[in-house]
Amino acid sequence: MLTHEDIQDILRVLETSPFDELELETDRFKLTLRRAAGPQGGWSQEHETHARAAAAVAAPTTAGSGVAKSPPPVTAALAGAVLVEIRAPLIGTFYRAPKPGAAPFVEVGAVVSSDTVVAILETMKLMTPVHAGASGRVVEICIADGQFVEQHQVLLRLEPSQP
Amino acid sequence: MRIRRLFIANRGEIAVRIIRSCRRLGIDTVLGASEADLDSTPARLADLCVCVGPAVAAKSYLDVGAVVAAARTAGVDALHPGYGFLAENAALARACEDAGIVFVGPTPTQLEAVGDKLAARRHAVDAGLPVVPGGPVASLAEARELAGRIGWPILIKAVGGGGGRGLKRLDNPANLGAQLELAISEAQGAFGDARVYLERYVPSGRHVEVQLLGDGHEVIHLGDRDCSVQRRYQKLIEEGPAPDLPAGLRARMADAAVAYGRRLAYRGAGTVEFLVDTAGNAFYFLEMNARIQVEHPVTEAITGVDLVERQIAIAEGHPLRLRQDEIQVSGHAIECRINAEDVAKGFAPGPGRISAAQFPAGAGIRVDTHVEAGSRVPPFYDSLVAKVIVHAHDRAQALTRMSGALANCRIAGVPVNTPLHVEILSDPEFRRGGVDTQYLARRLAAWDGARAVAAEH
């Protein structure tokens, strides 16, 4: 999946190019970048993750089953608000629950505060709790339980509570 | 029988260590590596490397079926499990037996006897070893009665626990009922075994262990090691002989360990762990580790016995060929575990690629490692990257030699805990010898405090 930084990098390259539109499609995602027509220029972006699109369709049947070998990431409708990304503090295996079979730390819709533990990462046999870092409502859990993540990868997205 | 081809069901420095002994013995080695370790040093050193599964240990190094299938395919006649992973797994030992592969280790029955904490404790009592007062409890009435007899504070321990997990300390009877219930349900949840037992809480003590070798009939000991420098039940520095132990106590502890091994008719290399009270006048049986241990080079240094070679000879069915009076402990050895972790950042694990690695060498210095410049330290396994072992005439010289060795140990690309070792080696309390298992936690807190004060000025 592309990170925000990746997209920024692509934008920087395109900024200096003569093209008005770029479509990038792999089997994991599709990215469309379009130069806006306004006088100030700029870019609009559409970023669609195939897995996520599939998850949205399958959500009613798979949500909470936890049986599937690699359950699709859980998502909720994104309302267009500026979302807070909770990123992996280090490389490791992402777990949604404190131990196998236990209830997940949070589900989509959960209201969290900045010190709420939302997941744990296992790195070199050590468990590191992942804190929300901001208060708000969980709108997306981007990673399936037990999946390996890179440092700084987005794990969850929050809709921040109004200050 | 003669072992000609041996499967190594492990990774890291111990895999390299086993390969080294096999080379000397003329045994072909087959390494069973996960996908994350296919380009590791042991994978290159082994005569053959086969993949046992994906990076996640549960699907590779911890998968009995996958390991045995790989060993069968490779056509080996023996399997060495190393330490950790499946080393003390009776199911693996049994599966090897069924497949006609010699398991380099104890019998499945012996693994079960020492793997179940209550069974291990019962054997200790039967062999006449002192144990921390306590015992199994199944009801609140039993717990109340037993706690009253052994005295407060107590620990509630899960039979399936270990390594600091499944422990609950209670200072008085007030919440015994609720805590017991909680301990039982947690034990069931965490270990799939609801059994718990009580023990008197011993606030401070030293961790001293005795190395054993047995051939299924005869059992001898190879002296002791002190492993009290620990953080969160993870050993950091080991040394042998344990410093400053009264001679009588040391001898009684060695005899107790041998008695324990004899009771099991123990086969292979094993270690009996004891808790020694800080005054140095009493010891209690803790548990037995039925495998080669990380810190085995300490014993190899002070006795001159190659423990891995002995394991293999015993597995081949040879008698010990070593009498107790042939074991001479000479000098003093220390081992420092170099881990890829960032001490300054709360011991955060530091996986990554090692860009440069330089290790000390010279008389009385041994380094067991699987990393070099360019090696990857995967995030899936433990953080041990090297063990630096020194041997000298006495402890003072060994300390000096270790300080020199650490100064020549340079690893870049991942954070390592070498600075902490340097700090401990220069600490007067450690240098005096005989620290307890709370020592490191105490020192770390003090050093953190001192740093905070320094930062304010």
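Residues numbered from 1 in each chain as written. Chains lettered and ligands numbered in written order. Predicted model: local features only at pLDDT ≥ 70, side-chain atom pairs only at ≥ 80, totals over all residues.

1. What about the overall build of chain B?
And then number 1: The helix and strand tally for chain B stands at 15 helices and 23 strands.
And then number 2: Here chain B has a C-alpha radius of gyration of 22 Å; the compact-globule value for 457 residues is 23 Å, and the two agree.
And then number 3: Its C-alpha atoms give chain B principal-axis dimensions of about 65 × 60 × 45 Å.
And then number 4: The contacts in chain B between residues at least 6 apart in sequence include a share of 66% that link residues at least 24 apart. (Helix = DSSP H or I, 4+ residues; strand = E, 2+ residues; numbered from the N terminus. Rg over C-alpha atoms; globule rule 2.2 N^0.38 Å. Contact = placed C-beta atoms within 7 Å.)

2. Comments concerning the overall build of chain A
And then number 1: When its secondary structure is counted, chain A shows two helices and twelve strands.
And then number 2: Secondary structure elements of chain A, listed N to C terminal, follow the sequence α-β-β-β-α-β-β-β-β-β-β-β-β-β.
And then number 3: In chain A, buried positions account for 22% of the 163 residues.
And then number 4: Of all intrachain contacts in chain A linking residues separated by at least 6 positions in sequence, the fraction that spans at least 24 positions is 51%. (Buried ≥ 20, exposed ≤ 12 C-beta atoms within 10 Å, placed from the backbone.)

3. Digging into the domain arrangement of chain B
All names here are of chain B.
And then number 1: Here chain B is partitioned into domain 1 (5-104), domain 2 (133-200) and domain 3 (205-451).
And then number 2: One C-alpha centre belongs to domain 1, the other to domain 3, and the line joining them spans 24 Å.
And then number 3: Tallying the contact residues gives 24 residues for domain 1 and 23 residues for domain 3.
And then number 4: If you list the elements that add at least two residues to the side of domain 1 that touches domain 3, you get helix H1 (12-25) and helix H2 (41-45). (Domains from an automatic or database assignment.)

4. Looking at the sheet that holds strand E1 (residues 5-8) of chain B
Residue and element names in this part refer to chain B.
And then number 1: Pairing in this open sheet of five strands is parallel, and the strands run E3-E2-E1-E4-E5 from one edge to the other. A single partner strand is all that each edge strand has here, and the edge strands are strand E3 (48-53) and strand E5 (102-103).
And then number 2: Relative to strand E2 (residues 28-34), E1 runs parallel, the two sharing four bridges. Of the residues in E2, the one forming a bridge with Arg 5 is Asp 28.
And then number 3: Here H1 sits on the sheet and contacts E1, E2 and strand E4 (78-80); the angle it forms with E1, its principal contact strand, is near 170°. (Pairing = 2+ DSSP bridges. Axes fitted to C-alpha atoms, helices over the stretch in contact; angles between N-to-C directions.)

5. Considering the nonpolar core
Residue and element names in this part refer to chain B.
And then number 1: Ranked by internal contacts, the top residues of the largest apolar core, which has 83 residues, are Phe 7, Ile 8, Ala 71, Val 76, Leu 79, Ala 257 and Phe 274.
And then number 2: Each of domain 1 (5-104) and domain 3 (205-451) gives at least three residues to this core.
And then number 3: Discounting chain neighbours no more than four positions away, the residues touching Ala 71 are Phe 7, Gly 32, Val 76, Leu 79 and Ile 101. (Core = buried A, V, L, I, M, F, W, Y, C linked by C-beta atoms within 7 Å.)

6. What to know about helix H9 (residues 247-263) of chain B
Residues and elements named next belong to chain B.
And then number 1: Look at H9: 24 Å from first C-alpha to last across 17 residues, which is about the 24 Å you get at 1.5 Å a residue.
And then number 2: Looking at H9, one finds that the buried residues are Arg 250, Met 253, Ala 254, Ala 256, Ala 257, Val 258, Tyr 260 and Gly 261.
And then number 3: Buried residues belonging to H9 abut helix H6 (117-126), strand E10 (205-215), strand E11 (219-231), strand E13 (267-277) and strand E14 (283-289). (Expected span 1.5 Å × (residues − 1).)

7. Here we look at the sheet that holds E14(B)
All names here are of chain B.
And then number 1: Taken together, the eight strands give an open sheet; going across it, the order is E14-E13-E10-E11-E12-E15-E22-E20, and neighbouring strands pair in antiparallel fashion. The open sheet has two edge strands with one neighbour each: E14 and strand E20 (365-369). Strand-to-strand, the axes of this sheet are offset by a mean angle of 25°, without reference to chain direction.

8. Quick word on the interface of chain A and chain B
And then number 1: Opposite the nine residues of chain A that make contact, chain B presents ten residues.
And then number 2: Looking at side-chain class alone, the side of chain A that touches chain B contains four nonpolar, three polar and two charged residues. (Nonpolar A, V, L, I, M, F, W, Y, C, P; charged D, E, K, R; others polar.)

9. Some remarks on unusual backbone geometry
Residues and elements named next belong to chain B.
And then number 1: Of the consecutive residues Trp 152 and Pro 153, the connecting peptide bond is found in the cis state with omega at -5°.
And then number 2: For Pro 153, the location among the structural elements is in the loop between helix H7 (140-150) and strand E7 (154-162).
And then number 3: The backbone of Asp 244 shows a phi angle near 60°, a positive value even though the residue is not glycine.
And then number 4: Assignment of secondary structure puts Asp 244 in the loop between strand E12 (234-240) and H9.

10. Considerations on the confidence of the model for chain A
And then number 1: For chain A, per-residue confidence averages 71 on the pLDDT scale, and 50% of positions sit at 70 or higher.
And then number 2: For residues 36-70 of chain A, every residue scores under 50 in pLDDT, and the model assigns this stretch 47 contacts once sequence neighbours within four places are set aside. (pLDDT = per-residue confidence, 0-100.)

11. So, the environment of Val16(B)
Residue and element names in this part refer to chain B.
And then number 1: Mapped onto the elements, Val 16 comes out in helix H1.
And then number 2: Residue class for Val 16 comes out buried when judged on the 22 C-beta atoms lying within 10 Å of it.
And then number 3: Taking the C-alpha atoms as reference points, Val 16 and Thr 369, separated by 353 residues in sequence, lie 7.4 Å from one another.
And then number 4: Val 16 has contacts with Thr 41, Pro 42, Leu 45 and His 370, leaving out every residue within four places of it along the chain.

12. Things to note about the packing of helix H3 (residues 64-73) of chain B against helix H4 (residues 90-98) of chain B
All names here are of chain B.
And then number 1: Closest axis-to-axis distance for the H3/H4 pair is 10 Å, and the angle between their directions is 30°. Relative to H4, H3 is oriented roughly parallel. Here the hand of the crossing between H3 and H4 comes out right-handed. Two secondary-structure elements touch here, H3 through Val 64, Val 67 and Val 68 and H4 through Ala 91, Leu 92, Ala 95 and Cys 96.
And then number 2: The residue inventory of the contact of H3 with H4, partitioned by class, reads seven nonpolar, no polar and no charged. (Parallel < 35°, antiparallel > 145°, perpendicular 65-115°, else oblique. Left-handed = near helix turned anticlockwise from the far one by under 90°.)

13. A few points about the confidence of the model for chain B
And then number 1: When pLDDT is averaged along chain B, the result is 95, and 100% of the positions lie at 70 or above.
And then number 2: With a pTM of 0.83, the predicted complex shows an ipTM of 0.74.

14. Examining H3(B)
All names here are of chain B.
And then number 1: Of the positions making up H3, those classed as buried are Val 67, Val 68, Ala 70 and Ala 71. The buried residues of H3 all sit within an arc of 160° when viewed along its axis, so they share a single face. Turned more than 90 degrees from where H3 packs its buried face, Gly 65 and Thr 73 sit exposed.
And then number 2: One or two positions beyond H3, positive phi appears at Gly 75, with a value near 65°. (Arc of directions from axis to C-beta.)

15. So, the pairing of strand E12 (residues 154-160) of chain A
In the case of a regular strand, side chains alternate between the two sheet surfaces.
And then number 1: Two strands pair when backbone bridges link them, and strand E5 (residues 84-87) of chain A and E12(A) are joined in this way by four bridges, in the antiparallel orientation. Bridge pairing links Ile86(A) to Leu156(A) in E12(A).

16. Examining the pairing of E7(B)
Residue and element names in this part refer to chain B.
And then number 1: Note that E7 and strand E9 (residues 196-200) share five bridges and pair antiparallel. Bridge assignment links Lys 157 to a residue of E9, and that residue is Tyr 197.
And then number 2: Bridge count between E7 and strand E8 (residues 165-170): five bridges; the pairing is antiparallel. Each bridged residue has a counterpart across the sheet, and for Leu 155 the counterpart in E8 is Arg 169.

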